[in-house]
Amino acid sequence: MIYQVYPRSFADADGDGIGDLPGLLAHLDQLAGTELSLDVDAVWLSPIFPSPMADFGYDISNFTDVAPVFGSLADLDRLIAECHTRGLRLLLDLVPCHTSIEHPWFVDSRSSRGSARRDWYSWADPSPDGGPPNNWRAGFGGPSWTFDEATGQYYLHSFYPEQPDLNWRNPEVAAAIAEVMRFWFDHGVDGFRVDAISHAMKDPQLRDNPPAIDPVPPFPVDPTGQYRIWNMDRPEVVEVVRFLQRVAAEYPGRLLVGEAFVPVDRLVAYLGDGAGDGFARAFDFELSLIEWSAEAFKVTIRRAERFTPPGIEPTWALSNHDLSRHATRFGERRSRLAALILLTLRGTVCLYAGEEIGMIDAPELPGPPLDRAGRDAQRTPMQWEASPNGGFTSGHPWLPLVDPLSRNVATQRGDPASLLAWYRRLLALRRSSAALRHGALTLHELHPHVLAFTRQDGDERLLVLANLGDAAATVDAASIGASGEVVAATGPRERAAPTSALRLEPREGLVLRAG
Ligand code: NOJ
Ligand code: MG
């Protein structure tokens, strides 16, 4: 169980309106260590490194320090120690495929064609007409190439122009990133979420991408308008993954969780054979892209079960800092059922800070967007208490809070019927059940609108029923061995439920013991 903290938005201790490490330290109780905690296993911290913040930290100008706006290296050391005291593992964000334009490596690389680090990035001559070397488009819009007047060549960037791509074909780049990993491992960090790894390698011939015509569900049409066949998810990326995994293996017990925005049948390439030659975990984004229907969830689960190599479990999230929050995407009234499904799936689950209180996207934000790719709405500050700034800051928050008076941690902590209480119940259930933690998952067909699966470990067998429909559904749960003992329910329920004709209310979910 991982909990993602977007550091700018979690808690601000120094009153500058931007979340920071001392703020996180002061709110670790939400994660682990007390009776009120969610009790997760690990925290993943989005980037906290020095950065001009063109992509709010995913443009790094120094990989081995902490940005002053977030605190100091000493604060991070304190955080590591405090996490470990509470039995929490700390994962940082490793961004191996690009740096900031302000990183000294890039400053050196662009200084002259003959610079020692010229080849640390991808430079290419203009095409014969003087335009970019090929038709590749960047993930957030515009060409993937930016012209550099001083040296008369273009540099490559998969994201913003402020994020030049590192050239992973150069062994010096690999060695430099390995040193970054070792630096943090030596500080006691337990692992990394590995950013945008599918962008590590590109076609050396720089061939043009074909236009994207149809979406490949559940993925939308590629935002670049192209099928990125030559600059993304290249077969050689696997070599990079193996390399990173070998570095992690120098240290016992360290975890790498890959981020690759590809379908699960491609994601498996990043997981290797399950015996340690690939990432131990990689996010399956299909779950965060699907519509709200039992059929879509079934397809996603079936695909994960079909493709994930033995020895590895899927990694799931419904929300993160890049995607519309699922309470908004699916609709708020579905939050309890969404939580029940997420927290009973087979695999590692990642929660995005705020989802446990049902936070929604900001419906509107004043002024021009701070993030050019339009992701401000899902990054608004965490709502800790019922006050205008929600206990997030004593100053002026960098993004406005959405609805702290009606939705906040303090109020929900005192309410056993709250969404927060429900998340805590489900997390406790998951911890206490070997079947939920690592049991096998089997899907069942009971009703078109009901997602039904069993989780089994040895003698322990639990049945999950989720009515995703907006009408009641009656199912024969006896046919798949339900005993009628209700272990958890989204709504009011007796301890025993009928089994052969079990009526599920709209959006009702149950965990039943099975014989
Ligand atoms: C994925 C990160 O989650 C996103 O926030 C970032 O903009 C890109 N990678 C580029 O680093
Ligand atoms: Mg601050």
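Everything numeric here is computed off the predicted structure, so don't read it as measured data. (Residues numbered from 1 in each chain as written. Chains lettered and ligands numbered in written order. Predicted model: local features only at pLDDT ≥ 70, side-chain atom pairs only at ≥ 80, totals over all residues. Heavy atoms only, no water.)

(A) View of helix α3 (residues 104–111). Every buried residue of α3 is accounted for by Trp105, Phe106 and Ser109. In a view along the axis of α3, the buried residues occupy a sector of 90°, so they form one face of it. On its buried face, α3 sits against β4 (123–124), β6 (153–156) and α4 (171–186). (Buried < 20%, exposed > 50% of the residue type's maximum accessible area, 1.4 Å probe, protein only. Helix = DSSP H or I, 4+ residues; strand = E, 2+ residues; numbered from the N terminus. Arc of directions from axis to C-beta. Contact = heavy atoms within 4.5 Å.)

(B) Spatial organisation of the environment of Ala477. Among the structural elements, Ala477 can be located in the loop between β15 (473–475) and β16 (482–489). When the C-alpha atoms of Ala477 and Phe243 are compared, they prove to be 48 Å apart, with 234 residues separating the residues in sequence.

(C) Examining the state of the cysteines more closely. Throughout the structure, instances matching the rule amount to 0 disulfides. With no disulfide partner, Cys83 has as its closest neighbouring cysteine sulfur the one in Cys350, 14 Å distant. A relative accessible area of 0% means that Cys83 is categorised as buried. (Disulfide = S-S within 2.5 Å.)

(D) The arrangement of the nonpolar core in detail. The biggest cluster of nonpolar side chains holds 138 residues, and the ones touching the most others in it are Leu76, Ile197 and Leu244. Looking at which element gives the most residues to this core, the answer is α4, with 9 residues. Those residues within four positions of Ile197 in sequence are excluded, and the remaining contacts are Pro96, Cys97, Val237, Val240, Val241, Leu244, Glu259, Ala260, Tyr270 and Phe279. In terms of nonpolar packing, the next biggest core, distinct from the first, is built from 17 residues, Ala452, Ala477, Ala482 and Ala489 among them. (Core = buried A, V, L, I, M, F, W, Y, C linked by side-chain atoms within 4.5 Å.)

(E) Examining the coordination of the magnesium ion (ligand 2) more closely. Summarising the metal site, the magnesium ion (ligand 2) is bound by the protein donors Asp12 (OD), Asp14 (OD), Asp16 (OD), Ile18 (O) and Asp20 (OD), whose distances to it range over 2.2 to 2.3 Å. Counting along the primary sequence, the residues that act as donors to the magnesium ion (ligand 2) give the motif D-x1-D-x1-D-x1-I-x1-D. On the basis of relative accessible area, Asp12 is assigned to the buried category, the value being 9%. (Donors = N, O, S within 2.8 Å, 3.2 Å for Na, K, Ca; no water.)

(F) Structural detail: the pairing of strand β8 (residues 255–258). Both faces of β8 are covered, namely the face carrying Leu255 and Val257 and the face carrying Leu256 and Gly258. Here strand β7 (residues 191–194) pairs with β8 via 4 bridges, running parallel. From the neighbouring strand, Gly191 faces β8, where its bridge partner is Leu255. Crossover β7 to β8 through helix α5 (residues 237–249) is right-handed. Sheet topology places β8 next to strand β9 (residues 281–282); 2 bridges connect them, and they run parallel. By the bridge assignment, Gly258 is partnered in β9 with Ala282. Handedness of the β-α-β unit built from β8, helix α6 (residues 264–271) and β9 comes out right-handed. (Pairing = 2+ DSSP bridges. Right-handed = clockwise from strand over helix to strand, strands pointing away.)

(G) A look at the environment of Leu419. Following the sequence through the fold, Leu419 ends up in helix α11 (residues 419–432). With a relative accessible area of 12%, Leu419 lands in the buried category. For the pair formed by Leu419 and Leu267, sequence separation is 152 residues and the distance between their alpha carbons is 32 Å. Sequence-distant contacts of Leu419, defined by excluding residues within four places in its chain, comprise Ser335, Arg336, Glu355, Glu356, Ile357, Gly358 and Gln412.

(H) Looking closely at the pairing of strand β18 (residues 509–514). Counting buried residues along β18, 5 of its 6 residues qualify, which places the element largely inside the surrounding structure. As paired elements, β16 and β18 share 4 bridges and run antiparallel to each other. Bridging across to β18, Val486 finds its partner in Leu512.

(I) Broad picture of the site of ligand 1. Around ligand 1 there are 13 residues in total, and Asp55, Arg193, Asp195, His321 and Asp322 lie nearest to it. His98 has a polar side-chain atom sitting 2.9 Å from an oxygen atom of ligand 1. Between an oxygen atom of ligand 1 and a side-chain N or O atom of Arg375, the distance comes to 3.0 Å. The protein chains hide 97% of the 290 Å² of surface that ligand 1 would expose on its own. Along the lines of polarity and charge, the residues of the shell around ligand 1 split into 3 nonpolar, 3 polar and 7 charged. (Near = heavy atom within 4 Å. Polar contact = N/O pair within 3.5 Å; in protein donor to acceptor, adjacent residues only side chain to side chain. Areas by Shrake-Rupley, 256 points an atom, 1.4 Å probe, with all protein chains shown as cover. Nonpolar A, V, L, I, M, F, W, Y, C, P; charged D, E, K, R; others polar.)

(J) The arrangement of the side chain of Arg228 in detail. Looking at the element boundaries, Arg228 is found in the loop between β7 and α5. Accessibility expressed as a relative area gives 14% for Arg228, which makes it buried. If we skip the residues at most four places from it in the chain, Arg228 touches Gly139, His199, Asn209, Asp222 and Pro223.

(K) Examining the side chain of Gln378 more closely. Looking at the secondary structure, you find Gln378 in the loop between β11 (348–352) and α10 (409–413). Looking at Gln378, the relative accessible area reads 5%, which means it is buried. At 3.0 Å, the side chain of Gln378 forms a polar contact with the backbone oxygen of Asp322. When residues no more than four places from it in sequence are discounted, the contact partners of Gln378 are Asn320, His321, Asp322, Leu323, Ser324, Arg325, Tyr352 and Asp361.

(L) Geometry of the sheet that holds strand β2 (residues 42–45). In space, the 8 strands of this open sheet follow the order β9-β8-β7-β3-β2-β1-β11-β10, with parallel pairing throughout. Looking at which strands have only one partner, the edges of the open sheet turn out to be β9 and β10 (315–317).

(M) Examining helix α2 (residues 73–85) more closely. For α2, built from 13 residues, the straight-helix expectation of 18 Å at 1.5 Å per residue is met to within 8% by its first-to-last C-alpha distance of 18 Å. For α2, the full list of buried residues reads Asp75, Leu76, Leu79, Ile80 and Cys83. The arc enclosing the buried residues of α2, seen along the axis, measures out at 145°, which places them on a common side. Buried positions along α2 lie against α1 (21–26), β2, β3 (89–94) and α4. Just beyond α2, the residue with positive phi is Gly87, at close to 75°. (Expected span 1.5 Å × (residues − 1).)

(N) Looking closely at the packing of aromatic side chains. Counted under the stated rule, the structure contains 25 aromatic pairs. Ring plane angle 85° and centroid distance 5.0 Å describe the contact between Phe10 and Trp384, whose orientation is recorded as edge-to-face. Of this pair, Phe10 sits in the loop between β1 (2–5) and α1 while Trp384 sits in the loop between β11 and α10, and the two are 374 residues apart along the sequence. Like Trp384, Phe10 is buried. Centre to centre, the rings of Phe106 and Tyr155 are 5.0 Å apart; their planes meet at 70°, and the pair counts as edge-to-face. Residue Phe106 is found in helix α3, and its partner Tyr155 is found in strand β6; the two are separated by 49 residues along the sequence. Across the pair, exposure class does not vary: Phe106 and Tyr155 are buried alike. A cation over an aromatic ring shows up here: Arg207 above the ring of Trp230, its NZ or CZ 4.1 Å from the ring centre. Above the plane of the ring of Tyr160 lies Arg372, whose end atom (NZ or CZ) is 4.1 Å from the centre. (Phe/Tyr/Trp six-rings, centres within 6.5 Å; stacked < 30°, edge-to-face > 60°. Lys NZ or Arg CZ within 6 Å of the ring centre and 35° of its normal.)

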